[in-house]
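Given next are the chains, with one letter for each unit.
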There are 2 protein chains.
Amino acid sequence: MATIKDIARLSGYSIGTVSRVINHHPDVSEKARKAIEAVIASENYKPNSNAVQLKNTGYSPVTVVVKGSRNVFFESILEDMQKVFRENGEEVSVAFLDEDANEVEAAIQLCVQRRPKGLIFLGGNLNYFEESFGKIEVPAVLVTVDAEEMPFENLSSVTTDDTKGARDAIEYLVSQGHERIGIIGGSLDTDLGQISDFRLSGALEVFNRQKMNFDLDRDFEPSKFSLESGYEAARRLLKKAPDITAIFAIGDMIALGAIRGIVDSGKKVPDDISVMGYDGIEYTRYAVPRIATVRQDIHELAVRSVEDLLWRLSYHRVAQHFIIDHEIIPGESVKNIREEK
Amino acid sequence: MATIKDIARLSGYSIGTVSRVINHHPDVSEKARKAIEAVIASENYKPNSNAVQLKNTGYSPVTVVVKGSRNVFFESILEDMQKVFRENGEEVSVAFLDEDANEVEAAIQLCVQRRPKGLIFLGGNLNYFEESFGKIEVPAVLVTVDAEEMPFENLSSVTTDDTKGARDAIEYLVSQGHERIGIIGGSLDTDLGQISDFRLSGALEVFNRQKMNFDLDRDFEPSKFSLESGYEAARRLLKKAPDITAIFAIGDMIALGAIRGIVDSGKKVPDDISVMGYDGIEYTRYAVPRIATVRQDIHELAVRSVEDLLWRLSYHRVAQHFIIDHEIIPGESVKNIREEK
DNA sequence: AACATTACCGTAAACGTTTACAGTTACAAT
DNA sequence: ATTGTAACTGTAAACGTTTACGGTAATGTT
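Chemist: When you look at the protein's contact with DNA strand D in this model, what are you seeing that I'm missing?
Modeler: Taken together, 29 residues sit near DNA strand D, with Ile 4, Ser 19 and Tyr 45 of chain A together with Ser 14 and Asp 27 of chain B positioned nearest. Atoms of DNA strand D within 4 Å of the protein: sugar and phosphate make up 65%, bases the balance. Measuring from a phosphate oxygen of DNA strand D, one finds a side-chain N or O atom of His 25 of chain A at 3.5 Å. Contacts to DNA strand D include Thr 17 of chain B, whose side-chain N or O atom sits 2.9 Å from a phosphate oxygen. Breaking the surface near DNA strand D down by element, the ones donating at least two residues are helix H1 (4–11), helix H2 (15–22) and helix H4 (49–56) of chain A together with helix H2 (15–22) and helix H4 (49–56) of chain B.

Now the structure itself:
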């Protein structure tokens, strides 16, 4: 593997000049640049990034911290992010965490060890951020949870308005004539801090506002963002609240699991029970029945967050908070039962 | 951020001794070890991995090259792999590639730039390996495609027997009374080199052996490993070959897309058309109908490949080729039509 | 002709590690 | 007391870069 020394030797210039060519510094003659570039090309030379990072800043590439098993949702985000990083000549590394890990503590560990120059959190719990994000010094972006209220100068966020999205979802179900609606997802034993909490609270808002018949103990089942969890929750929910006509699952994976749970309970979707999801993963458009959902612009989520981070890295811009639009996608999984009555 | 120098200063020992403690070298007194470990703990010190890698070998962590958008299948593999790496104190980075990228050329680029100490290919095309893998010097593992026939000393492979899996799948369909079977997936214009080719050829074997009525032009549709592609292919296939009673989709994502395509063509699964998938992704167990598939032990695939690489890295073991078992999983998506006749 | 300026280039230190080597002790054996 | 040995520890070079600094040659200015 060629090093900068080889390039220097082969081109007849010093490593200093070679380095200047690589980094597009001005003080290089046209002649030298041409010659050195030729050697670089012919040797297929690329700077060793360990050395570059060690020298430059002591910092490694940006790390994306992926939390939770909402992977089917995140997987395409990751690809999009990679693409943007690559376009800007940046590398990325990825760290996967359990859904119930403390992502901030994990990131702190990661920082002392690898000194990433930036962090992107894919999913996260605001409570953990509140507790310990102060220890993190590098620029970071929290994706999918709004950090506007957090007092951190180095933390941007890119999210959709989950509370509103959930409100919209419930309102959509109501507009289709549903009055007894069950909810699957999230849990009640944490403070408001994660995506699931916001969605849940958005839904509850509508119930309260419209004075609808909704009892948390009866009409709600906690669930993780997984098929299995959605399946189990749906079965339990149907036992507890047999009169509901619709279920709002706060994630598409939950919705998919729930549909199977409903079927296994001997009911039909959407004839007996309508199901509404959240996230807008690709499969909702191919499922039988197609699943009504709250679609987030995943691509936009990815691009915004990476671009924000890169800008802040390069130009020391200040952290910002973006809200990406969402959109209610009707689907066969929700039946309009208004006219029936 | 503390460096080894700080630890040396704070503990009163030299950086040499500190380094020896970190790396568990023998020549250190119990007293020094205790003292230094105490300082390391109190400072929350971790060696800067750029420096370590630069010094040690010039090599960065193992990189996983993920090819193609069979992500729903790969996503859980990635997590499992990360886990094993982490258990062994190793880092990983991930590179995502398009389904039609040349993963070997991409890896070569990656090698000159980042000098990973090892590579794991998640998916790949043997033809590319044949052409250019010779240029890669680090130990590598090819996951999901058998590289037994390749003449490379530094390339292990961990796969299931895709040809046999496809044979088993077709035989299963036949055992359920299907005689006119269509196939979706892969393409015919490449040499035998990728997973899809092997599955396709396995299926064709059975047709030939059993002298079944199968015409490539009529009963086969190429497809990528994606929902959309599977959807389109199914629609085209049903037009061309309206008399088939079953479809073998060479990937579960394709199968899921195909089912929607079948439904949109006005037919029912499995009453009119049975569908069999391949891969065994989690969702096949929750879909309505549950999808019959060829299940691969994804966890085993992940663990084997990482462990093989780590062993070879540590003990200079020779490359090996593992075949992981597969298993036919019956499902509601395949109807037994034998008794009908 | 003398000097200043410009344009370019090389040198060497530094980033945070690891490790071969050399050095220092302490202690046992003579 | 001297020497040998074992057990430990410090020193310094090296990994592949970047960059401040200083140097040189060419050109411009007086």
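Chemist: Looking at this structure, how should I read the protein's contact with DNA strand C?
Modeler: Lining the immediate surroundings of DNA strand C are 29 residues, of which Ser 14, Thr 17 and Arg 20 of chain A together with Ile 4 and Ser 19 of chain B lie closest. In DNA strand C, the atoms that sit within 4 Å of the protein are 64% sugar and phosphate, with bases accounting for the remainder. The separation between a phosphate oxygen of DNA strand C and a polar side-chain atom of Ser 19 of chain B is 2.6 Å. One nitrogen or oxygen atom from the side chain of Asn 23 of chain B is found 3.2 Å from a phosphate oxygen belonging to DNA strand C. Sorting the residues of the surface near DNA strand C by element identifies H2 and H4 of chain A together with helix H1 (4–11), H2 and H4 of chain B as the ones contributing at least two each.

Chemist: Whenever I open this one, the interface of chain A and chain B confuses me. Can you help?
Modeler: Across the contact, 54 residues belong to chain A and 54 residues belong to chain B. Of the roughly 4900 Å² buried between chain A and chain B, counting both surfaces, carbon and sulfur atoms make up 51%. The three residues of chain A that bury the most area against chain B are Phe 96, Arg 260 and Tyr 286 of chain A, which together make up 15% of that side's buried surface. Summed over the shared surface of chain A and chain B, the number is four salt bridges. There are eight residue pairs in polar contact (both at pLDDT 80 or more) connecting chain A and chain B. Secondary structure elements with two or more residues in the side of chain A that touches chain B: H4, helix H5 (71–87), strand E2 (92–97), helix H6 (103–114), helix H11 (227–240) and helix H12 (252–264) of chain A. Per element, the largest residue contribution to the side of chain A that touches chain B is eight residues, and it comes from H5 of chain A. When its residues are assigned to classes, the side of chain A that touches chain B shows 25 nonpolar, 13 polar and 16 charged.

Chemist: Help me understand the sheet that holds strand E11 (residues 321–324) of chain B in this model?
Modeler: Residues and elements named next belong to chain B. Sheet architecture is open: six strands sit in the order E2-E1-E3-E4-E5-E11, paired in parallel fashion. Both outer strands of the open sheet, strand E2 (92–97) and E11, are each paired with one neighbouring strand and no more. Averaged over all pairs of adjacent strands, the angle between their axes in this sheet comes to 15°, without regard to strand direction. When strand E1 (residues 62–67) meets strand E3 (residues 119–122), the two strands line up parallel, connected through four bridges.

Chemist: What exactly am I supposed to notice about H1 of chain B here?
Modeler: Residues that lie three or four places apart on an α-helix share one face, since the helix turns once every 3.6 residues. Residue and element names in this part refer to chain B. Burial in H1 covers these residues: Asp 6, Ile 7, Ala 8 and Ser 11. Close packing links the buried residues of H1 with H2 and helix H3 (30–43). Directly beyond the C-terminal end of H1, a positive phi value near 80° is found at Gly 12.

Chemist: What am I meant to see in the packing of aromatic side chains here?
Modeler: Given two aromatic rings, one states the distance between the centres and the angle between the planes to describe the pair. As enumerated under the stated definition, the model contains 15 aromatic pairs over all chains in all. Relative to Tyr 286 of chain B, the ring of Tyr 231 of chain A lies with its centre 5.7 Å away and its plane at 70°, an arrangement referred to as edge-to-face. With Tyr 231 of chain A in helix H11 and Tyr 286 of chain B in the loop between strand E9 (274–276) and strand E10 (293–296), this pair bridges two chains. Relative accessible area serves as the criterion here: at 13%, Tyr 231 of chain A is assigned to the buried category. Looking at Tyr 286 of chain B, the relative accessible area reads 10%, which means it is buried. Plain terms: the ring middles of Tyr 283 of chain A and Tyr 283 of chain B are 4.9 Å apart, the flat faces sit at 70° to each other, and that makes the pair edge-to-face. Separated into two different chains, Tyr 283 of chain A in the loop between strand E9 (274–276) and strand E10 (293–296) and Tyr 283 of chain B in the loop between E9 and E10 make up a pair that spans both. For Tyr 283 of chain A, a relative accessible area of 10% puts it in the buried group. The structure contains a cluster of three or more aromatic residues connected by ring pairs, namely Phe 121, Phe 129, Phe 133 and Phe 152 of chain A.

Chemist: So what exactly am I meant to see when it comes to the relation of the copies chain A and chain B here?
Modeler: These two copies of the chain differ by a rotation about an axis and a displacement along the same axis. Each copy of the sequence occupies a distinct position, and chain A is placed on chain B by a rotation of 180° and an axial shift of 0.0 Å, giving an RMSD of 0.1 Å. What the rotation and shift describe, once combined, is the action of a two-fold rotation axis. In this assembly, 100% of the residues forming the interface of chain A have copies in chain B that are likewise at the interface, indicating an isologous arrangement.

About the thresholds
- Residues numbered from 1 in each chain as written.
- Chains lettered and ligands numbered in written order.
- Predicted model: local features only at pLDDT ≥ 70, side-chain atom pairs only at ≥ 80, totals over all residues.
- Heavy atoms only, no water.
- Near = heavy atom within 4 Å.
- Polar contact = N/O pair within 3.5 Å; in protein donor to acceptor, adjacent residues only side chain to side chain.
- Helix = DSSP H or I, 4+ residues; strand = E, 2+ residues; numbered from the N terminus.
- Contact = heavy atoms within 4.5 Å.
- Buried area = accessible area lost by both parts, 1.4 Å probe.
- Salt bridge = Lys/Arg side-chain N within 4 Å of Asp/Glu carboxyl O.
- Nonpolar A, V, L, I, M, F, W, Y, C, P; charged D, E, K, R; others polar.
- Pairing = 2+ DSSP bridges.
- Axes fitted to C-alpha atoms, helices over the stretch in contact; angles between N-to-C directions.
- Buried < 20%, exposed > 50% of the residue type's maximum accessible area, 1.4 Å probe, protein only.
- Phe/Tyr/Trp six-rings, centres within 6.5 Å; stacked < 30°, edge-to-face > 60°.
- Least-squares fit on C-alpha atoms with pLDDT ≥ 70 in both.

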